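Below are the chains, spelled out letter by letter.
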Amino acid sequence: SRESSYVASLARSMSLAMEEFYRNIRSVGVSAVTGQGCDDFERALVEAAEEFHKVYVPFLMEMRRDIEEKRQRAIDEQVKAFDRARAAGQAKRPREPGGDEMDGLE
């Protein structure tokens with residue numbers, strides 16, 4: 001069925017995303033008993049924060065910009081379609097002499 005193929009496709013996509021995530025994940029060993037590795041952990045945390053701000057934030061901003069541009073294009077198209085439909089409707093309807101433009105809009 002169509003729904004099961006969608007679910008199968010979604011599961012495959014999620015599996016690939018998780019595989020990619022875990023393939024690139026960094027880890028640091030830290031001892032809860034001795035505290036050994038805490039300095040390495042702090043360095044890794046700082047590096048990850050820097051990478052986030054240098055790589056991921058610009059990526060998110062670009063994605064956001066793309067989404068906003070697509071949304072604005074869709075709005076512009078809807079306005080144009082509305083204007084065309086309104087103009088076509090007015091062209092078909094004969095005007096009454098002395099009629100107000102606002103007549104019929106109530």
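Thresholds, definitions, all that
Residues numbered from 1 in each chain as written. Predicted model: local features only at pLDDT ≥ 70, side-chain atom pairs only at ≥ 80, totals over all residues. Heavy atoms only, no water. Helix = DSSP H or I, 4+ residues; strand = E, 2+ residues; numbered from the N terminus. Buried < 20%, exposed > 50% of the residue type's maximum accessible area, 1.4 Å probe, protein only. Areas by Shrake-Rupley, 256 points an atom, 1.4 Å probe, with all protein chains shown as cover. 1 Å grid on protein atoms, 1.4 Å probe; cavity = no way out; pocket = protein on both sides within 12 Å on 5 of 7 lines; lining within 4 Å. Points joined across faces, edges and corners; volume = space filled by probe spheres on them. Nonpolar A, V, L, I, M, F, W, Y, C, P; charged D, E, K, R; others polar. Salt bridge = Lys/Arg side-chain N within 4 Å of Asp/Glu carboxyl O. Phe/Tyr/Trp six-rings, centres within 6.5 Å; stacked < 30°, edge-to-face > 60°. Patch = residues over 30% accessible without salt bridge, like charges linked within 9 Å, V, L, I, M, F, W, Y side chains within 5 Å.

### Digging into the overall build of the chain
For step 1, the next point in the chain: Along the chain, the regular secondary structure elements total 2 helices and 0 strands.
For step 2, the next point in the chain: Taken across its 106 residues, the chain has 1% of its residues classed as buried.
For step 3, the next point in the chain: Accessible area of the chain: about 10,100 Å², with a carbon and sulfur share of 57%.

### A word on the layout of surface pockets
For step 1, the next point in the chain: Looking at the largest pocket, its volume works out to about 480 Å³.
For step 2, the next point in the chain: Lining the largest pocket are 16 residues, with Asn24, Ile25, Arg26, Ala48 and Glu51 positioned closest to its centre.
For step 3, the next point in the chain: For the lining of the largest pocket, a count of residues per class yields 10 nonpolar, 2 polar and 4 charged.

### Considerations on the pattern of salt bridges
For step 1, the next point in the chain: Within the structure shown, the criterion is met by 7 salt bridges.
For step 2, the next point in the chain: Close ionic contact of Asp83 with Arg86 constitutes a salt bridge, the shortest N to O distance being 3.6 Å. Highlighted residues: Asp83 and Arg86, both in helix 2 (residues 38-92), separated by 3 residues, approximately one helical turn.
For step 3, the next point in the chain: Among the charged side chains, a salt-bridge network with shared partners connects Glu19, Glu20 and Arg23.

### Concerning the packing of aromatic side chains
For step 1, the next point in the chain: Inspection of the entire model under this criterion finds 3 aromatic pairs.
For step 2, the next point in the chain: Taking 5.5 Å as the distance between ring centres and 35 degrees as the angle between the ring planes, the aromatic pair formed by Phe52 and Tyr56 counts as tilted. Taken together, the residues span about one helical turn, with Phe52 and Tyr56 both in helix 2 at a distance of 4 residues.
For step 3, the next point in the chain: Using a relative accessible area of 37% as the deciding quantity, one classes Phe52 as partly exposed.
For step 4, the next point in the chain: Ring plane angle 35 degrees and centroid distance 6.2 Å describe the contact between Tyr56 and Phe59, whose orientation is recorded as tilted.

### Things to note about a nonpolar patch on the surface
For step 1, the next point in the chain: A cluster of nonpolar residues, Phe52, Val55, Tyr56, Phe59, Leu60 and Met63, forms a patch on the protein surface that exposes about 550 Å² of accessible area.
For step 2, the next point in the chain: Positionally, Leu60 belongs in helix 2.
For step 3, the next point in the chain: The class of Leu60 is partly exposed, set by a relative accessible area of 36%.

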